[in-house]
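Here are the chains, one letter per residue:
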Amino acid sequence: MKVSKNTSTNIFVSSWVSLHQTDASETNVSPLQDVTPKPVWGFLRPLRNWLDSIQVSDRQLAHRLCQLIPAQCPFERDIKLFGKTLFHIPPLCKLNPLYEELVGLRFRAMCYLADTCGEDISQYC
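Looking up the chain in an unreviewed UniProt entry gives the name Mo-dependent nitrogenase C-terminal domain-containing protein, with the organism given as Dolichospermum planctonicum CS-1226.

(A) Representation of the overall build of the chain in the model. Scanning the chain from N- to C-terminus turns up 5 helices and 2 strands. A separation of at least 24 residues holds for 53% of the contacts in the chain among residues at least 6 apart in sequence. For the chain, the accessible area works out to roughly 10100 Å², and carbon and sulfur atoms hold 59% of it.

(B) Fine view of the side chain of His63. Here His63 shows up in helix H4 (residues 59–68). Polar contacts involving the side chain of His63 include one to the side chain of Glu119, which spans 2.7 Å. Excluding its chain neighbours within four sequence positions, the residues that come into contact with His63 are Leu113, Glu119, Gln123 and Tyr124.

(C) Fine view of the environment of Ile69. Relative to the helices and strands, Ile69 is located in the loop between H4 and strand E1 (77–81). A relative accessible area of 11% places Ile69 in the buried class. Residues Ile69 and Arg106, spaced 37 residues apart in sequence, show a C-alpha to C-alpha distance of 6.5 Å.

(D) Here's a closer look at the nonpolar core. Core analysis: the biggest nonpolar cluster contains 16 residues, and Val56 and Leu105 have the highest contact counts within it. Listed by contribution, the elements that provide at least two residues to this core are H4 and helix H5 (99–116). The element that contributes the greatest number of residues to this core is H5, accounting for 5 residues. When residues no more than four places from it in sequence are discounted, the contact partners of Val56 are Ala62, Leu65, Leu105, Arg108, Ala109 and Tyr112.

(E) Region of interest: the pattern of salt bridges. All told, the structure shown has 2 salt bridges when counted by the stated rule. A salt bridge links Glu101 to Arg48, with the shortest nitrogen-to-oxygen separation between them at 3.8 Å. Linking Glu101 in helix H5 with Arg48 in helix H3 (residues 45–53), this pair joins segments that are 53 residues apart in sequence. Given a relative accessible area of 9%, Glu101 falls into the buried group. Residues Arg59 and Glu119 are paired through a salt bridge, measuring 3.6 Å at the closest nitrogen-oxygen approach. Of this pair, Arg59 sits in helix H4 while Glu119 sits in the segment after H5, and the two are 60 residues apart along the sequence. By relative accessible area, which is 40% here, Arg59 ends up partly exposed. By relative accessible area, which is 25% here, Glu119 ends up partly exposed.

(F) A look at the pairing of strand E2 (residues 84–89). Where E1 meets E2, 5 bridges bridge the pair, whose relative direction is antiparallel. Its bridge partner being in E2, Arg77 is matched across the sheet by Ile89. The hairpin turn running from E1 into E2, its antiparallel successor, is 2 residues long, and Phe82 in that turn takes a positive phi close to 55°.

(G) View of the packing of H3 against H5. Contact geometry for H3 and H5: axes closest at 9 Å, N-to-C directions at 10°. Classed by the angle they form, the pair H3 and H5 counts as roughly parallel. Facing Arg48, Leu51 and Asp52 of H3, the residues of H5 in contact are Glu101, Leu102, Leu105 and Arg108.

Reading the values: the criteria
Residues numbered from 1 in each chain as written. Predicted model: local features only at pLDDT ≥ 70, side-chain atom pairs only at ≥ 80, totals over all residues. Heavy atoms only, no water. Helix = DSSP H or I, 4+ residues; strand = E, 2+ residues; numbered from the N terminus. Contact = heavy atoms within 4.5 Å. Areas by Shrake-Rupley, 256 points an atom, 1.4 Å probe, with all protein chains shown as cover. Polar contact = N/O pair within 3.5 Å; in protein donor to acceptor, adjacent residues only side chain to side chain. Buried < 20%, exposed > 50% of the residue type's maximum accessible area, 1.4 Å probe, protein only. Core = buried A, V, L, I, M, F, W, Y, C linked by side-chain atoms within 4.5 Å. Salt bridge = Lys/Arg side-chain N within 4 Å of Asp/Glu carboxyl O. Pairing = 2+ DSSP bridges. Axes fitted to C-alpha atoms, helices over the stretch in contact; angles between N-to-C directions. Parallel < 35°, antiparallel > 145°, perpendicular 65-115°, else oblique.

In structure tokens:
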């Protein structure tokens, strides 16, 4: 008996499937599918689609995109006074409804530079 195989199977199953879930065939929903409602930003859908449709085909544009779009989520801070937390500033990426599309655009620009242009992109990581 392989302990690692049995353990990983039990951990995977127990972390994804609840004992109180209904049968997936009855509800037409996969047990692994996320069913939590996502916020609807309907008025931003055209802008999201436009950002997703941008094809990076210029080296200078790709460099600019990699420089302008940050690699990591901007700062998260606790503002303290005399040892007491006054307020908390959340990570700014959680406040930006277009964050996923911008990160995707930056990734496409980095892939263009690395794959098509053959440049070293380690400066942008």
